[in-house]
Amino acid sequence: MAGIEETIFQIILHGGNGKSSAMEAIAAAKSGDIPGARKKIEEAANELNSAHLIQTSLIQREVRGESTEITLLMVHAQDHLMNAITIKDMAGEFVDLYEHVNLSGGVNA
């Protein structure tokens with residue numbers, strides 16, 4: 001079980017890193033640093049892609065008949081990853097919005 005737990009923790013690690021980068025993207029956009037925000041979105045996407053690849057490997061194992069016990073830790077990792085993906089997607093929308101507001105001269109423009 002130690003091997004699968006390490007794999008699960010890798011999903012949590014990359015998901016957390018992706019979420020953090022996405023939140024940093026929002027902060028950068030809010031302060032007017034749109035290029036920095038876009039870079040943070042890219043970092044988030046890379047981290048989440050790493051987590052997704054690990055998740056896919058677990059799914060492929062199951063398809064081959066190598067069943068994995070569903071533990072609370074596994075459920076947590078999946079929940080963590082899905083939330084991080086949602087936050088990254090929303091962060092992209094926030095960055096777009098801040099960029100539009102900055103280019104149009106403000107909210108009342």
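On a predicted model such as this, the values are computed, not experimentally measured, just so you know.

Glancing now at the overall build of the protein. Scanning the protein from terminus to terminus reveals three helices and zero strands. Reading the protein from its N terminus to its C terminus gives the helix and strand order α-α-α. The globule rule puts the C-alpha radius of gyration for 109 residues at 13 Å, and the 17 Å found for the protein is more than 25% above it. Along the three orthogonal principal directions, the C-alpha set of the protein runs to about 60 × 20 × 20 Å. Within the protein, the fraction of its 109 residues that count as buried is 30%. Considering only contacts within the protein whose residues lie at least 6 apart along the sequence, 83% involve residues at least 24 apart. Accessible surface, the protein: about 6,700 Å² in total, of which carbon and sulfur atoms supply 57%.

UniProt records the feature "modified residue: Phosphohistidine" (unreviewed entry) at His76, using the numbering of this structure. Inspection of the secondary structure puts His76 in helix H3 (residues 72–104). Using a relative accessible area of 41% as the deciding quantity, one classes His76 as partly exposed.

Once that is clear, we can look at the environment of Met23. Position of Met23 relative to the elements: it lies in helix H1 (residues 2–30). You can call Met23 partly exposed: its relative accessible area is 43%. Spatially, the C-alpha atoms of Met23 and Ile41 are 8.9 Å apart, while their sequence positions differ by 18 residues.

This next bit is on the UniProt feature "binding site: Mg(2+)" (unreviewed entry) in the protein. Sites flagged by UniProt as "binding site: Mg(2+)" (unreviewed entry) map to Asp79. Examined against the element boundaries, Asp79 turns out to sit in helix H3.

Cut-off values and rules
- Residues numbered from 1 in each chain as written.
- Predicted model: local features only at pLDDT ≥ 70, side-chain atom pairs only at ≥ 80, totals over all residues.
- Heavy atoms only, no water.
- Helix = DSSP H or I, 4+ residues; strand = E, 2+ residues; numbered from the N terminus.
- Rg over C-alpha atoms; globule rule 2.2 N^0.38 Å.
- Buried < 20%, exposed > 50% of the residue type's maximum accessible area, 1.4 Å probe, protein only.
- Contact = heavy atoms within 4.5 Å.
- Areas by Shrake-Rupley, 256 points an atom, 1.4 Å probe, with all protein chains shown as cover.
- UniProt positions renumbered as here; feature names shortened; annotations may be inferred.

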